[in-house]
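Overview (structure and organization)
Next come the chains, spelled out residue by residue.
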Amino acid sequence: MAKIGILGGSFNPIHAGHMRMAVEAREAVGLERVLLMPAGEPPHKPAEGMLPFAHRLRLVELAVRGVPRLSASGIEGTRPGPSYSVDTLTALRAKMPGDDLHFIMGSESFMALPKWHRGLEIPHLCSLVVVLRQGVDGQSLAAFAEETWPGTERTGFGRMLFASGTRLITVGMPVLEVSATDIRKRWRERRCLAMLVPSVAEEVLERGGAAYELAWGHRAEL
Ligand code: ATP
């Protein structure tokens, strides 16, 4: 049974924080592959300012080239309406019955699960890999999991077992306080994006184009 990671997000655009998160999760858990999956219609983000799906997916495809065991997946773009993770994970379970799926999330996303559409069901669909971000420690995350999903047990350092038998694995990573919001702002200001986004994505963003300005706003004149 192959362990497969799934990293969803709006990826508007993909940046170094996302890439590093995928690599850290893969190494820490021994994932055979991590699928980076841009949301067709991100349910937690305003539609305004969102680069069209095809562009966000293209940037992810370019970014993963040459990075071992990372792949892009456009599966969320094929479903109309908001891309709810609960639906995606249910579909993937049916499509990949022989694989052990691990949904990768930042700690702030994990702690927002009770507010997501059927978010409380997500830990029962597959195992979760939660990457600790600034301001959250492993202890408070474990306490949150126990309170939110009764019957959850601590099984070791940074490891828990949900009542349904799926696991929660906590992973640390070097803090990279990069956000897509900040990248978009720098892009509008025509500032250099080197080291903040994968270099191939940087080249595409540097060229820009109508779709980018339409979504992210007017760019400073040269
Ligand atoms: P935006 O700034 O547009 O809100 P974002 O940069 O937070 O976007 P998302 O696509 O919304 O990126 O995030 C997808 C996943 O990546 C989430 O689980 C989030 O926790 C995680 N993530 C985003 N930025 C980082 C980062 N710098 N370090 C680690 N994880 C990150």
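Between side chains of opposite charge, a pair can form as their charged atoms come close. Counted by the stated rule, this structure contains 11 salt bridges. One salt bridge connects Arg133 with Glu177, and the closest N-O pair in it is separated by 3.6 Å. A residue pair is termed long-range when its members are at least 10 positions apart, and Arg133 in the loop between β5 (127-131) and α6 (138-148) and Glu177 in the loop between β8 (167-171) and α7 (180-188) qualify at 44 residues. Members of the salt-bridge network, linked through shared partners, are Glu108, Arg133 and Glu177.

Time to look at the environment of Val60. On the secondary structure map, Val60 appears in helix α2 (residues 53-64). Residue classification places Val60 among the buried residues on the basis of a relative accessible area of 0%. Distance in space between the C-alpha atoms of Val60 and Ala72 is 6.0 Å, their sequence separation being 12 residues. What Val60 contacts, discounting residues up to four positions off in sequence, is Phe11, Ile14, Leu36, Pro38 and Ala72.

Once that is clear, we can look at the packing of aromatic side chains. Under the criterion given, the structure shown has seven aromatic pairs. On the basis of an interplanar angle of 25° and a centroid distance of 5.5 Å, the ring pair of Phe110 and Trp149 is categorised as stacked. With a gap of 39 residues between them, Phe110 in helix α4 (residues 107-111) and Trp149 in the loop between α6 and β6 (153-156) connect regions that are remote in the sequence. Like Trp149, Phe110 is buried.

Once that is clear, we can look at the site of the ligand. Lys45, Glu108, Leu176, Ala180 and Thr181 are the nearest of the 21 residues found near the ligand. Here an oxygen atom of the ligand sits 3.2 Å away from a polar atom, N or O, in the side chain of Ser109. Considering the ligand on its own, with 610 Å² of exposed area, one finds that the protein chains cover 89% of that surface. Of the residues that constitute the shell around the ligand, the class distribution is seven nonpolar, 10 polar and four charged. Shared between two domains, the shell around the ligand holds at least three residues of each, these being domain 1 (3-171) and domain 2 (180-216).

Here we come to helix α8 (residues 199-207). Listing the buried residues of α8 in full gives Ala201, Val204 and Leu205. The buried residues of α8 all sit within an arc of 100° when viewed along its axis, so they share a single face. Among the exposed residues of α8, those pointing more than 90 degrees away from its buried face are Ser199 and Arg207. After α8 finishes, the residue Gly208 shows a positive phi value of roughly 65°.

Cut-offs applied
Residues numbered from 1 in each chain as written. Predicted model: local features only at pLDDT ≥ 70, side-chain atom pairs only at ≥ 80, totals over all residues. Heavy atoms only, no water. Salt bridge = Lys/Arg side-chain N within 4 Å of Asp/Glu carboxyl O. Helix = DSSP H or I, 4+ residues; strand = E, 2+ residues; numbered from the N terminus. Buried < 20%, exposed > 50% of the residue type's maximum accessible area, 1.4 Å probe, protein only. Contact = heavy atoms within 4.5 Å. Phe/Tyr/Trp six-rings, centres within 6.5 Å; stacked < 30°, edge-to-face > 60°. Near = heavy atom within 4 Å. Polar contact = N/O pair within 3.5 Å; in protein donor to acceptor, adjacent residues only side chain to side chain. Areas by Shrake-Rupley, 256 points an atom, 1.4 Å probe, with all protein chains shown as cover. Nonpolar A, V, L, I, M, F, W, Y, C, P; charged D, E, K, R; others polar. Domains from an automatic or database assignment. Arc of directions from axis to C-beta.

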